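Remarks on the overall topology
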Amino acid sequence: MRSAESFEEVLEFSNVHQSAHGKMYLSQRETSPGGILFSDEDSGKQPLELEIKLLLKAENDSLYFSKRYMEDEEEEFEERMIQLDTLKNQFDIEAVSSSEISDLLKKA
């Protein structure tokens, strides 16, 4: 299993394995530095962190990507979500928790 340093490597991986139908394990998390963020219209705005953990499996190859996006990177995060949405035609997507991704990585 390889680790991707950038999301561009995820896109390259999907291009290389274009003909093979694979599986994508996706963990997304939205937190504030003080813990999980629960939206409340009456509360003050707290700093936001968005995290993506992604494990792609295709044939005999796999790729892991993980990144935290801070509030000022929310636009980049949204762009990545759109790009991931386009990969759903090539990969079966399974939403998993962060701990489930860790378990999958141990088995890989």
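Quick caveat, the model's predicted, so the values are computed rather than measured.

Time to look at the overall build of the protein. Tallying secondary structure elements over the protein gives three helices and six strands in all. Overall, the protein shows an N-to-C arrangement of helices and strands of β-α-β-β-β-β-α-β-α. When the 108 residues of the protein are sorted by exposure, 37% land in the buried category. Pairs at least 24 residues apart make up 68% of the contacts formed inside the protein by residues separated by at least 6 positions. Of the roughly 6900 Å² of accessible surface on the protein, 44% is carried by carbon and sulfur atoms.

Below, the discussion takes up the confidence of the model for the protein. The predicted model of the protein has a mean per-residue pLDDT of 84, with 85% of residues at 70 or higher. Within the protein, no element has a lower average pLDDT than strand β3 (residues 35-36), which sits at 49, and none a higher one than strand β1 (residues 2-3), at 95.

We now examine the nonpolar core. Ranked by internal contacts, the top residues of the largest apolar core, which has 20 residues, are V10, L54 and L84. Counting residues per element, the ones that place at least two in this core are α1 (7-16), β2 (22-32), β4 (49-58), β5 (61-70) and α2 (74-86). When residues in this core are grouped by element, the largest group, five residues, is from β4. Residue contacts for L54: discarding those within four places in its chain leaves F7, V10, M24, Y25, L26, L63, Y64, F65, L84 and I101. Within the second largest apolar cluster, six residues are counted, among which are Y25, V96, I101 and L104.

Another point: the packing of aromatic side chains. Taken as a whole, this structure holds two aromatic pairs when the rule is applied. With centroids separated by 5.6 Å and ring planes inclined at 65°, the aromatic side chains of Y69 and F77 adopt a geometry described as edge-to-face. Residue classification places Y69 among the buried residues on the basis of a relative accessible area of 0%.

Right, let's get into α1. The set of residues buried in α1 consists of F7, V10, F13 and S14. When α1 is viewed along its axis, its buried side chains cluster within an angular range of 105° and face the same direction. The outward face of α1, more than 90 degrees from its buried face, is lined by the exposed residues E12 and V16. In this structure, the buried side of α1 is in contact with β1, β4, β5, α2 and β6 (91-95).

Conventions we followed
Throughout this description, residue numbers start from 1 for each chain and increase along the sequence as written. Thresholds applied to this predicted model are a pLDDT of at least 70 for local features of residues and 80 or more for the giving and counting of side-chain atom pairs; totals over whole chains, interfaces and linings are not thresholded and use all residues. Only hydrogens and water are set aside when side-chain values are computed; all heavy atoms of the structure are taken into account. In this text, helices come from DSSP runs of H or I with a minimum length of four residues, and strands from runs of E with a minimum of two, each type numbered from the N-terminal end. Under the scheme applied here, a residue whose accessible area is under 20% of the maximum for its type counts as buried, over 50% as exposed, and between as partly exposed, the area being computed with a 1.4 Å probe on protein chains only. Here, two residues are considered to be in contact whenever any of their heavy atoms come within 4.5 Å of each other. Each accessible area is a Shrake-Rupley result for a 1.4 Å probe, and residues are judged covered by the shown protein chains and nothing else. One confidence number per residue, pLDDT, is output by the predictor and ranges from 0 to 100. Joining through side-chain atoms within 4.5 Å is the link that ties buried Ala, Val, Leu, Ile, Met, Phe, Trp, Tyr and Cys residues into a set, and such a set is a nonpolar core. Each Phe, Tyr or Trp ring (for Trp, its six-membered ring) is paired with any other whose centre lies within 6.5 Å, and the angle between the two planes then decides the class: stacked below 30 degrees, edge-to-face above 60, tilted in between. Picture the helix axis, draw a direction to every C-beta atom, and the arc is the one those directions span.

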